[in-house]
Structure formats: structure tokens, C-alpha cells
Amino acid sequence: GQKVGRFPKPFLGGSGTTVAQGVGNHICNRKVAGSKNLVTVCPRKLKSKLKKKFQCVFEGIAKAGNPTLLNQIDTELCITEGGTAEVNDEHEVRQIETASRKPDRPEKTIRREDIFKASPGRDEPIRTVLTKGVAGIGKTLLTQKFTLDWAKDKANQDIQFIFPFTFRELNVLKEEKFSLVELVHHFFTETKKAGICSFEDFQVVFIFDGLDECRLPLDFHKNEILTDPRKPTSVDVLLTNLIRGKLVPTARIWITTRPAAANQIPPQYVDMVTEIRGFTDPQMEEYFRERFRDEEKGSSIISHIKTSQSLYIMCHIPVFCWITATVLEDVLQTREGRQLPKTLTEMYINFLVVQAKIRKLKYDPHLSPESTRMIESLGKLAFDQLQKANLIFYESDLTECGIDIIAASIYSGVLTQIFREERVLYQEKVFCFTHLSVQEFLAALYVHLTFINSGVNVLEQQQTTSQKFKRSQSLDMLIFFQSAVDKAITSPNGHLDLFLCFFLGLSLQTNQTLLRGLLTQTGSSSKTNQETVQYIKEKLSENLSAEKSINLFHCLNELKDRSLVEEIQQSLRSGINMCTCNLSQRSCEALSSALSSQSCRLRELDLSNNNLQDSGVKLLSAGVESAHCTLETLRLYGCFLSERSCESLSSVLSSQSSSLRDLGLSNNNLQDSGVKLLSAGVKSPHCKLAALSLSGCLITEEGCSSLASALSSNPFHLRELDLSYNHPGDSGINVLSDGLKDPHWRLDTLRVEPAGVQWLTPGLKKYSCQLTIDTNTVHRELKLSDNNRKVTRVIEEQSYPDHPDRFDVHPQLLCRNGLTGRCYWEVECRGDIYISVSYSGIRRKGGSNDCVFGWNDQSWNLLCSGDGPRSVWHNNKETSISSSFSSSVPNRVAVYVDFPAGTLSFYRVSSDILIHLHTFNTTFTEPLYPGFYVWSGSSMCLC
Ligand SMILES: Nc1ncnc2c1ncn2[C@@H]1O[C@H](COP(=O)(O)OP(=O)(O)OP(=O)(O)O)[C@@H](O)[C@H]1O
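Please read all numbers here as calculations on a predicted model, not as lab measurements.

Visitor: It is not clear to me how the packing of helix 18 (residues 436-454) against helix 21 (residues 497-505) should be interpreted in this structure. Could you clarify?
Guide: When two helices pack together, their arrangement is given by the angle between the helix axes and by the axis-to-axis distance. Interaxial distance between helix 18 and helix 21 falls to 8 Å at its minimum, and their mutual angle equals 50°. By the angle between their axes, helix 18 is oblique relative to helix 21. Regarding helix 18 and helix 21, the two cross each other, and that crossing is right-handed. Contacts between helix 18 and helix 21 involve Ser437, Glu440, Phe441, Ala443, Ala444, Val447 and His448 on the former and, on the latter, Leu498, Phe499, Phe502 and Phe503. Looking at the contact of helix 18 with helix 21 residue by residue, the classes come out as eight nonpolar, two polar and one charged.

If you want it as C-alpha cells, here you go:
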């Protein structure tokens with residue numbers, strides 16, 4: 001049949017291809033199926049099958065417990081467009097606190113029925129969608145809901161067939177041969193009966209759920225091209241060709257995956273990446289209200305969750321809401337004076353207790369020997385597989401761990417909601433824990449049990465026999481805890497973060513009491529716990545990444561240690577500096593809820609140089625606006641904000657309860673429109689702002705006049721206004737300087753210099769400066785070309801004259817520009833380069849550390865290696881930077897120095913977007929000179 005574009009026209013009632021034309025060639029057996037059957041009967045049968053299959057779900061688990069109607073539990077989720085198929089190294093749960101780093105791209109949320117709808121302005125139809133989301137965030141449920149709505153004729157009626165597959169089902173067909181048609185017939189017998197043997201002229205959607213569980217190789221490089229849906233081959237080849245668009249090019253493909261596995265699909269085959277962010281705050285509340293129809297109970301549960309940061313953050317993950325709801329419901333029923341669990345460890349212990357039904361009628365924690373043994377073996381499985389990063393296990397994995405399959409099956413009757421067994425279409429059994437966090441909890445429990453029972457620290461790979469038997473109590477205990485902390489913080493991808501929280505939480509006496517019968521011998525004393533807390537605090541004072549530090553904070557919470565929080569609160573007069581911590585919108589959500597909590601007395605918060613974007617500031621503002629918030633100083637320099645942030649900030653300024661006195665917004669593209677919005681806040685009688693910095697914010701006279709008019713209405717508080725690096729023009733400067741003289745105005749410091757039209761360039765580019773290489777410093781193995789813009793490391797020495805400024809041992813050079821203001825430049829590197837700034841005093845002669853950029857206190861640098869920026873150096877200390885971005889050659893790097901502010905920032909430049917790498921915060925005491933160290937085989941170019 002003739003086609004319109006790449007996709008068939010909506011099949012029914014559409015113009016163009018007629019039904020008969022479209023269908024005629026695709027019936028294998030005309031006796032079995034007339035075309036009418038294909039068009040109406042077959043999809044109807046498929047729909048009714050899928051309706052049956054998906055209208056019931058087993059919450060949290062499959063095939064156990066009481067089935068629930070999907071429509072009854074289903075709460076709307078937050079799905080966003082964008083993100084990349086790149087791998088994120090953080091622990092999945094921590095990703096809830098962090099988010100996409102792409103600057104300048106407002107987030108776009110998508111309704112679940114619109115997964116394949118292109119956004120306005122996009123011409124190309126969407127063929128493949130990849131939806132990412134951490135464990136338990138609701139990917140499977142989303143695909144089921146999508147399918148169910150279609151099957152119930154509620155949405156997407158232009159689709160004739162939806163074929164939902166899971167990778168788990170496909171894994172067991174690894175060794176078999178099928179054609180695509182046979183595969184579909186195998187799973188959806190209706191299509192076989194109807195005799196469908198091609199899909200070209202139907203609107204077909206293939207769903208593949210759970211790429212993270214895929215055990216097929218998916219080798220896109222090696223697998224042969226296949227275009228014939230009737231040709232038998234391996235499932236792997238079928239899948240790769242479907243995804244490539246070679247097999248049934250008109251079909252739409254929807255793949256869901258946990259973030260860590262997203263990069264298995266080459267990006268060129270993915271038309272759109274979406275991300276499930278879980279519940280937003282209101283959605284989470286709705287979930288609990290739906291779940292507890294009793295309004296009072298619902299509200300009390302919600303307010304309980306809000307009292308604990310860690311519970312609150314976790315409750316953005318639907319599966320955790322389910323665990324929480326299950327536990328709290330049980331505790332509320334049987335509590336007899338028991339407190340509601342407040343930490344994650346308490347929550348999971350209660351979950352285990354509830355699920356293992358170890359409680360008899362009253363609260364009597366008694367665990368039978370079989371339950372103990374089973375929990376122990378599950379713990380071993382959890383731990384062993386966690387170390388291998390496996391989340392799905394097959395029979396062989398269980399046997400390897402000494403778990404008797406039959407016992408496990410019996411137990412799946414008892415522990416169904418913890419450990420689940422799934423039989424996939426008469427094939428091999430598959431096992432997994434309800435949620436990754438349950439696996440992490442059991443793994444932590446196992447490590448404790450082994451240590452208590454046999455003195456073996458399974459976290460340490462090699463253990464001598466003498467160590468095993470020599471168990472000098474508390475010291476061993478402390479070493480045991482410290483080894484876990486060390487192991488977790490050195491893990492590159494944070495895969496032990498949550499494990500560590502549980503592990504430390506389990507050391508508390510109160511928690512062990514909850515598990516009486518299992519943890520018989522209580523090991524640690526409160527003194528040991530104190531020492532562990534001290535150890536964590538020491539680690540926190542080291543230079544850890546933001547994610548690692550946040551996790552250690554959560555650990556202290558699990559240990560119910562408030563001392564650090566109190567210490568911080570004490571020192572809050574000086575405030576918290578979280579500059580350049582790679583925070584993102586999600587961190588804002590956590591910060592916002594902290595700011596609005598009654599116990600938070602924070603006065604100063606510096607979040608400069610984080611990629612917060614407008615959406616982050618919006619979240620943050622909600623906290624700052626709260627009646628409990630005591631924040632007086634807020635700095636958001638260089639946070640990729642636009643005028644939209646001004647709207648939420650303006651509402652903060654005009655709120656009666658806000659105590660904000662000092663607001664720093666320099667180096668954001670706010671423009672006049674933003675300043676106008678902000679002025680509305682300044683004008684409000686509630687605004688008590690005393691200092692406002694808007695330096696480098698693209699402001700002209702228009703912005704100045706709206707500020708002036710706001711100040712003439714409310715002149716009583718603002719004393720300092722920084723408008724440097726803008727273009728106020730004479731009239732802008734005049735209106736404000738007039739105010740300066742006005743006795744009613746409080747304003748006494750107005751900064752407008754430097755001023756000029758050149759400062760109206762958006763972003764840091766306005767600070768661009770042209771570097772000039774100081775040829776007297778250039779080492780003889782560095783060859784200059786391209787009008788002294790290009791430097792290449794060569795073997796043959798160049799004939800440069802002797803000069804006292806010349807580096808004679810290390811292949812380095814300096815530029816002539818002595819920087820003292822704000823300055824920005826870009827460099828293109830091939831190979832390994834140190835991109836540096838240095839005081840002029842750096843030694844030139846000899847091979848000592850004093851001469852090498854970054855190896856002394858005179859200089860700072862970024863090491864950009866062939867595969868991307870790797871680490872920063874100062875005073876001979878290397879700090880590696882996590883840059884999970886794919887490398888491109890050559891690497892383009894940007895440097896921004898703000899001398900007076902004492903900041904030196906490095907960025908990676910990727911198609912004109914700056915991706916922040918690192919910022920040094922210090923006080924510069926002498927002019928800074930850009931310089932470079934060129935490793936052998938490398939070259940660089942000044943842009
Ligand atoms: N939209 C929702 N409304 C209510 N509950 C939900 C929703 N989505 C998920 N849940 C709860 O979370 C549980 C886990 O969801 P689901 O299996 O879809 O997660 P997933 O992202 O596929 O996880 P995994 O990566 O572990 O397979 C569900 O069983 C249900 O209890």
C-alpha cells in the first residue's frame with residue numbers, strides 16, 4: 001500500500017491507504033483469517049487479553065499477595081522529556097536528589113498517554129522512545145497503564161497493536177530461534193490465529209520493559225542486518241534490528257530501563273529519551289490519601305513522613321511509598337506504644353517483621369529457626385549479588401549461594417513481598433528482591449549476622465585465620481564499621497550508599513531489639529557507635545563529592561546522631577557554602593524542604609556555580625518563602641537562571657514572612673524582563689532587602705528604571721546595589737544616582753562600572769579575552785604555529801634564544817595577560833594538556849615541583865586528557881572530577897576567572913553549552929597568568 005511519510009496513516013477511518021490494500025499482503029492463511037478479522041477482531045481479542053493481563057497488579061510484587069486493580073492504586077507520575085542515554089554513576093536513590101545537568105533547558109513534562117507524541121516544533125515523528133527511571137519508580141506500571149488505556153479504548157486509538165514484552169521474558173529465549181512473526185505469535189496467540197505475518201501496514205507498538213534486566217548481548221555493531229520479519233534468527237538479532245529500524249521500520253518501539261543500563265542502546269537509534277522522576281510532592285500526598293481513605297490517618301502519615309528528611313526523599317519513589325504505607329499501616333494497628341519508624345533502617349526492619357509474619361498476635365518478635373535460616377541465606381544471596389551488581393537471579397545463582405530452590409519456593413509463601421519468584425512462560429524461574437533497597441537492606445543484615453555469629457568481616461576480602469578468631473570486641477567492631485564506611489565512599493558509582501545506611505543503622509541497640517531472635521548477640525556498644533560517628537565526621541571534613549557527603553549525612557541520621565546537625569546549626573551564623581557542589585534541581589527540592597522545617601535556623605546559603613536552573617530556583621523559593629525559613633543571605637551566582645527565576649524570587653521578596661536581606665544573582669541571564677519582575681518584589685512593603693547584586697545580568701536602562709521606580713516606593717531598606725558589567729547607559733546611571741542623593745533613600749553603595757554595550761552578551765562569553773602567548777617562556781619542545789595560537793609538543797628542539805623566563809625542563813608556557821578582573825577563554829586540546837593559571841613567580845628553571853603547574857601553591861590547573869577532562873590540581877593535590885560525558889576529540893575547555901571573587905572555574909564546551917567541571921574558591925593575591933603544559937604527542941589551540 002502507498003504510505004504517507006514513514007508511518008502508515010491511522011488505520012481506521014483514515015484517508016490514503018484503504019483497509020483492503022493495506023491488509024491484503026499480510027495474511028498468511030486466508031482460510032483462517034479474512035481481512036475483517038485482521039482489522040477488527042484480532043485487535044479486539046488482543047485488547048481483551050491485555051485488559052485481563054494488566055487490570056490487576058500485584059503491588060510491589062508479582063504473583064503474590066492480594067491483587068489490586070491497577071486503576072485503584074495508580075497515581076499520576078512525573079515524566080519529563082530530555083536527558084540523555086548516558087550513564088550516571090550515582091547510586092540510584094541519590095539520583096532522586098540530583099538530576100540532569102543540561103543547562104538552559106527548561107524541563108518539559110509529558111502526559112503518560114503522550115509518550116509517542118512529538119512536541120510542537122518537532123517535525124520528525126517519534127519512532128523509538130527510551131524511558132529511564134530508577135528501580136521502583138514505576139516504569140513497569142507505566143507501560144501497563146499505557147497498554148491498559150489503549151486496550152480499554154481510552155487512549156491512542158490510532159494504534160492497532162501493542163505488543164508488550166519484558167526483557168525478563170526474552171532472556172529465557174536466548175538460545176532459541178524465532179522469526180519476529182513467530183515471536184509475536186508465541187506471546188500473543190491471537191495474532192497467530194488471525195494469521196498476521198507482517199506488521200508493515202499497521203500502527204504497531206512494541207514495548208520492551210526492563211532493559212537493565214537484559215541478558216542478551218544486544219550487539220549493535222556485530223549483529224547482521226535483518227529486514228525480513230519471517231526469517232528465523234536469534235531473539236538478540238530480532239531486537240537489535242527492530243531497534244535499528246531495519247525490521248518493521250514503521251513500528252514504534254518503547255524501551256524502559258534503569259539509568260545505569262540506558263547506554264546499551266546507541267543514541268542514534270533513540271528519537272526521544274524520557275525520564276520518570278517519580279512522584280512530585282502533591283502526587284506523593286495523593287498516593288497516601290488514596291491509599292488510606294481514612295482522611296485523618298492519611299494526613300497523620302503524611303505529616304510523619306515530612307518529619308524525616310530521608311523518608312521524605314525516598315517517598316518520591318513509588319515502591320518506597322508502598323513499603324512505607326504497608327509498614328505504617330501495620331504499626332498504627334498494632335503499635336502498643338511503639339513509635340512510628342523514623343529512619344530508613346527502622347522502616348525496613350519493620351517491613352521485614354511485617355512480611356516475615358514473625359509477629360504473632362501481639363507484638364512478640366519471635367523468629368523461628370527456619371525463618372532465621374531463610375533470612376540468612378537470602379541475605380547472603382543479596383550481598384553476593386550486590387557485589388556483582390546483579391539484581392535478577394536465576395536458579396543457578398541461588399544454588400551457588402546454597403539456597404535450596406524448594407525451600408525458597410516454600411518461603412516465597414512467607415516472604416513473598418520481599419523476594420519474588422517469577423516463572424516466565426513455562427520457562428526458567430527468575431528471582432529478584434521486591435526492590436533494590438530491600439536487597440541492600442538484607443545484604444547489610446547479612447554482613448552484621450556473619451560478623452556477630454562468626455567474627456568474619458565479609459567486607460574485607462582477605463582475612464587471616466588469626467583475625468577470624470581473635471575477636472577483641474569493641475576495637476574489632478569499630479574497625480568493622482570503619483571498613484564499611486571506607487568501602488562505600490571509595491565505590492566509584494556509589495552502589496553501596498544505601499547499604500551503608502542500613503549497615504550503620506543496624507548497629508543501633510534499639511534496632512537490634514526490633515529484630516530479636518535474629519540478631520541475638522548484640523555486638524556494638526554505644527561507645528563504638530560514638531566512635532563511628534566521629535569517624536564519619538572526619539570523613540565529612542575531607543574533600544568528598546557532594547553525593548558522598550550527602551550520603552554520609554543520611555548515615556548519621558540512621559545512627560540517630562544529631563550532633564553534627566546541632567554543630568552546623570550552631571555555626572549557622574556563618575552559614576553554609578555549597579558553591580560548586582554539582583547540585584541540581586533535585587537538590588533544591590531537598591534544600592527547600594530543609595529550609596521550611598521548623599528546626600532549621602540557616603541564615604546564609606551560597607549555592608553559586610551550580611546548575612540549578614529556573615526550575616531549581618522555583619523549588620528553592622518555596623522553602624525560602626515558608627514561614628519557618630530564617631534565611632537572610634542567598635547567593636545564586638552563575639546558576640544558569642533566566643528571567644523566569646525572577647518571578648519566584650519576586651514572590652519571596654514580597655512575602656510577609658521572608659527574612660531575606662542579601663540576594664546575589666550575578667552572572668545569570670536575567671535581562672530587563674527579569675529585573676522588572678524582581679522590581680515588583682522589591683517594591684512590596686514586605687521586602688526588606690538590604691543588598692542586591694545583579695552584576696553581569698544583561699541589564700540596560702530599562703531594567704535600571706524599573707529598579708529605580710521600585711525603590712522610590714520602598715526606599716527604606718536597600719543599601720547596596722551592584723549593577724557592574726551591565727549596560728545601564730547614561731539615563732540608567734542617572735535615575736539611580738539621583739536616588740543615591742535622595743535623603744529618603746537608604747541606598748549608599750551603587751556599583752555600575754564597568755559598564756557598556758559589550759556586557760550584553762549572554763553567559764560568560766561577555767568576559768572573553770584574547771590570550772597572547774609570551775614567547776620568552778615557551779619551552780623548546782613546544783612548537784608555535786597558526787600565528788602563535790597553536791602549540792604542539794615536538795621531539796626536535798626549537799631554536800628559541802635563552803631567556804630567564806623560559807621553562808627549561810618542563811614543556812610549559814605562559815601567556816602575557818596578567819589577569820585581575822573577570823576573564824573567560826576557551827582552549828581546544830588534543831591529547832593531554834594541563835590548562836593552568838599561575839602567578840608569575842612560578843620557577844622556570846630545573847625539574848622541581850616548584851616549576852610544574854598545579855604541583856605548587858603558585859598555580860592551579862585542569863588536566864584534560866585524550867578522553868576528556870580528568871582532574872584538577874593545586875598545591876600538588878589532585879582532585880578527580882566526575883565527568884560522565886562521552887569524549888569528543890578535540891576537547892574544548894573553557895576557563896573563567898573572577899579574580900576579585902576568588903573563583904577559577906573550568907567547563908567543558910559541548911556544542912556551545914558549558915558543562916561545569918570544577919571551581920576553585922580562594923583568595924588570589926597576585927595577577928594570574930594563563931599557562932599550559934603540553935604532554936608528549938599532544939597539542940592545543942587558543943580559540
Ligand atoms: N503510578 C503509580 N501509582 C501508584 N503506585 C505505583 C505507581 N508506580 C509504581 N507504583 C508502586 O511501585 C511499585 C513498583 O513499580 P514498578 O514495578 O512499575 O517499578 P519499576 O520502575 O518497573 O521498577 P524496577 O526497575 O525495579 O523494575 C508498584 O508495584 C507499585 O506498588
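Visitor: Help me understand the nonpolar core, please; the structure alone is not making it clear to me.
Guide: Grouped burial of nonpolar side chains is what soluble globular proteins tend to show. By size, the foremost hydrophobic cluster in this structure holds 154 residues, and its most contacted members are Phe206, Phe288 and Phe503. For this core, the leading source of residues is helix 18, giving eleven residues. Those residues in contact with Phe288, other than ones at most four positions away along the chain, are Ile301, Ile302, Ile305, Cys315, Cys321, Thr324 and Ala325. Counting 46 residues, the second-largest nonpolar core is a separate cluster that includes Leu607, Val652, Leu665 and Leu721.

Visitor: For this particular structure, what's the right way to read the side chain of Thr777?
Guide: By the secondary structure assignment, Thr777 is in the loop between strand 21 (749-751) and strand 22 (782-785). Filtering out sequence-adjacent residues up to four positions away, Thr777 remains in contact with Asp805, Arg806, Phe807, Gln812, Leu813, Leu814 and Arg844.

Visitor: Any chance you could explain the packing of aromatic side chains here in plain terms?
Guide: Aromatic ring pairs are reported here in terms of the distance separating the ring centres and the angle at which the planes meet. Applying the stated criterion to the full structure yields 45 aromatic pairs. The interplanar angle of 20° and the centroid separation of 5.5 Å between the aromatic rings of Phe165 and Phe208 together place this pair among those described as stacked. Placement of the pair is Phe165 in strand 6 (residues 161-166) and Phe208 in strand 8 (residues 204-209), with a sequence separation of 43 residues. Judged by its relative accessible area of 1%, Phe208 is buried. For the ring pair Tyr725 and Trp759, a centre distance of 4.8 Å and an interplane angle of 80° mean the geometry is edge-to-face. Of the two residues, Tyr725 is situated in the loop between strand 20 (720-722) and helix 31 (729-741) and Trp759 in the loop between strand 21 and strand 22; the sequence distance between them amounts to 34 residues. Of the two residues, Tyr725 and Trp759, both sit in the buried class. An aromatic cluster of at least three residues, connected via ring pairs, comprises Phe161, Phe163, Phe165, Phe167, Phe187, Phe188, Phe199, Phe202, Phe206 and Phe208. If you follow Lys47 out to its NZ or CZ, it ends over the ring of Trp150, 4.8 Å from the centre.

Visitor: Help me out: how do you make sense of the sheet that holds strand 28 (residues 868-874) in this one?
Guide: Across a sheet, strands are paired by hydrogen bonds formed along the backbone, either parallel or antiparallel in direction. Reading across from one edge, 24-33-26-27-28-29 is the order of the six strands in this open sheet, with antiparallel pairing throughout. On the outer flanks of this sheet lie strand 24 (812-814) and strand 29 (877-880), each paired with one strand and no other. Strand-to-strand twist across the sheet, computed as the mean angle between neighbouring axes with direction ignored, equals 20°. The sheet contact formed by strand 27 (residues 859-865) and strand 28 spans six bridges and is antiparallel. Paired with Asn861 across the bridge in strand 28 is Trp873.

Visitor: Could you clarify how one ought to interpret unusual backbone geometry in this entry?
Guide: Of all residues except glycine, most have a negative phi; of all peptide bonds, most are trans. Along the chain, Glu753 connects to Pro754 via a cis peptide bond; the corresponding omega equals -5°. Along the polypeptide, Pro754 turns up in the loop between strand 21 and strand 22. In this structure, Tyr725 takes a positive phi of about 55° despite not being glycine. Accessibility expressed as a relative area gives 13% for Tyr725, which makes it buried.

Visitor: What is the right way to read the side chain of Ser679 from this model?
Guide: Relative to the helices and strands, Ser679 resides in helix 29 (residues 671-683). In this structure Ser679 comes out as buried when scored by relative accessible area, which is 4%. Sequence-distant contacts of Ser679, defined by excluding residues within four places in its chain, comprise Ser706, Leu707 and Ala710.

Rules used throughout
- Residues numbered from 1 in each chain as written.
- Predicted model: local features only at pLDDT ≥ 70, side-chain atom pairs only at ≥ 80, totals over all residues.
- Heavy atoms only, no water.
- Axes fitted to C-alpha atoms, helices over the stretch in contact; angles between N-to-C directions.
- Helix = DSSP H or I, 4+ residues; strand = E, 2+ residues; numbered from the N terminus.
- Parallel < 35°, antiparallel > 145°, perpendicular 65-115°, else oblique.
- Left-handed = near helix turned anticlockwise from the far one by under 90°.
- Contact = heavy atoms within 4.5 Å.
- Nonpolar A, V, L, I, M, F, W, Y, C, P; charged D, E, K, R; others polar.
- Core = buried A, V, L, I, M, F, W, Y, C linked by side-chain atoms within 4.5 Å.
- Buried < 20%, exposed > 50% of the residue type's maximum accessible area, 1.4 Å probe, protein only.
- Phe/Tyr/Trp six-rings, centres within 6.5 Å; stacked < 30°, edge-to-face > 60°.
- Lys NZ or Arg CZ within 6 Å of the ring centre and 35° of its normal.
- Pairing = 2+ DSSP bridges.

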